[in-house]
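# Structure at a glance
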Amino acid sequence: QVQLTESGGGEVPPGASLRLSCVGSARLFSSYAIGWFRQPPGKDRGFVAHANWSGGRTAYADSVKGRFTISRDNDKNTVYLQMNNLKSDDTAIYYCAADSRWTLDYTDPAKYADWGQGTQVTVSS
C-alpha cells in the first residue's frame, strides 16, 4: 500500500501551464506504475496519463497528447504531470493512482488500488 499526495493545481487562463506533483510514501515507490486521472464537474473519472515503474514507458489520452507530459523521479518518490497549453476542457480534479500489479489495462481506474486526494485544476479566462 502507498499513500499518495498531489499538489500543484490552481486556476490559470487558457494557454497557461501547470505542473502537478504526486508524492508517494512507499519505500519501494519505484515498484509502482502510476496513472493520472481527472474528474471534470458532473462527469466520471477518466484516464489522462500513465508511466511504468521507471518512467521509460508512458501513455496518454488522445485529448492531452502533445500537451501533457508524465515523468517520474524515483529518488524523490515523485511523479509529475507537466500540462501545457491548457484549455477550459482540462478543468477537473486531478488524481494520481498507484498500481503494484502493472496492469496492461492502465486506463481503467478500477485497476488502481491506491489514490491521492486530488488537486483542483481550473482553466478559465
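Here, the structure is the one placed above.
Bear in mind that the values here come from a model prediction, so they are computed numbers and not experimental data. Throughout this document, residue positions are counted from 1 along each chain, in the order its sequence is written. With pLDDT at 70 or above as the cut-off, local features in this predicted model cover only qualifying residues; side-chain atom pairs require 80 or more to be listed or tallied, and sums for whole chains, interfaces and linings still use all residues. Excluded from the side-chain calculation are hydrogens and water; included are all heavy atoms of the structure.

## A short note on the environment of Thr-69
Counting from the N terminus, the helices are the DSSP runs of H or I reaching at least four residues and the strands are the DSSP runs of E reaching at least two. Assignment of secondary structure puts Thr-69 in strand E7 (residues 68-73). In sequence terms Thr-69 and Ala-59 are 10 residues apart; their C-alpha atoms lie 9.2 Å from each other. By definition in these notes, contact holds between two residues if any of their heavy atoms fall within 4.5 Å. Other than its neighbours up to four places away in sequence, Thr-69 contacts Tyr-60, Tyr-80, Leu-81 and Gln-82.

## Remarks on the environment of Asp-89
Turning to its location among the elements, Asp-89 is positioned in the loop between strand E8 (78-83) and strand E9 (92-99). Categorising residues by exposure relies on relative accessible area from a 1.4 Å probe, with only protein chains included: less than 20% of the type maximum marks a residue as buried, more than 50% marks it as exposed, and the intermediate range marks it as partly exposed. Overall, Asp-89 belongs to the exposed group, its relative accessible area being 63%. Along the primary structure Asp-89 and Asp-114 are separated by 25 residues, whereas in three dimensions their C-alpha atoms are 26 Å apart.

## A short note on the nonpolar core
Ranked by internal contacts, the top residues of the largest apolar core, which has 35 residues, are Trp-36, Val-48, Phe-68, Ile-70, Leu-81, Met-83 and Tyr-94. When contributions to this core are tallied by element, the ones reaching two or more residues are strand E3 (18-24), strand E4 (33-39), strand E5 (46-51), strand E6 (58-60), E7, E8, E9 and strand E11 (119-123). For this core, the element with the highest residue contribution is E9, accounting for five residues. Only buried Ala, Val, Leu, Ile, Met, Phe, Trp, Tyr and Cys residues count toward a nonpolar core, and they belong to the same one when joined by side-chain atoms within 4.5 Å.

## Some thoughts on the sheet that holds E7
Whether two strands pair depends on DSSP finding at least two bridges between them. In spatial order, the strands read E1-E3-E8-E7; together these four strands make up an open sheet with antiparallel pairing. The open sheet terminates on both sides in strands that have one partner only, identified here as strand E1 (4-7) and E7. If you compare each strand with its neighbour and ignore which way they point, the axes differ by 15 degrees on average. Both E1 and E3 contribute to a ladder of four bridges, which runs antiparallel. Pairing of Leu-4 across the sheet is with Gly-24, part of E3. Axis angles are defined between N-to-C directions and span 0 to 180 degrees, where every axis is a line fitted to C-alpha atoms and, for a helix, only to the segment in contact.

## Considering the packing of aromatic side chains
The pairing test for Phe, Tyr and Trp rings, Trp by its six-membered ring, is centres within 6.5 Å, and the orientation test on the planes gives stacked under 30 degrees, edge-to-face over 60, and tilted for anything in between. For the structure shown, the criterion picks out six aromatic pairs. On the numbers, 5.7 Å between centres and 50 degrees between planes, the contact of Phe-47 with Tyr-106 is tilted. Of this pair, Phe-47 sits in strand E5 while Tyr-106 sits in the loop between E9 and strand E10 (114-115), placing them 59 residues apart in sequence. Residue class for Phe-47 comes out buried when judged on its relative accessible area of 16%. Members of the aromatic cluster, each reached through a chain of ring pairs, are Phe-37, Phe-47, Tyr-95, Tyr-106, Tyr-112 and Trp-115. Any Lys NZ or Arg CZ that is within 6 Å of a ring centre and within 35 degrees of that ring's normal is treated as a charge sitting over the ring. The lysine or arginine in question, Arg-45, covers the ring of Tyr-95, its NZ or CZ lying 3.8 Å from the ring centre. A cation sits over an aromatic face here: Arg-45 above Trp-115, 4.7 Å from the ring centre.

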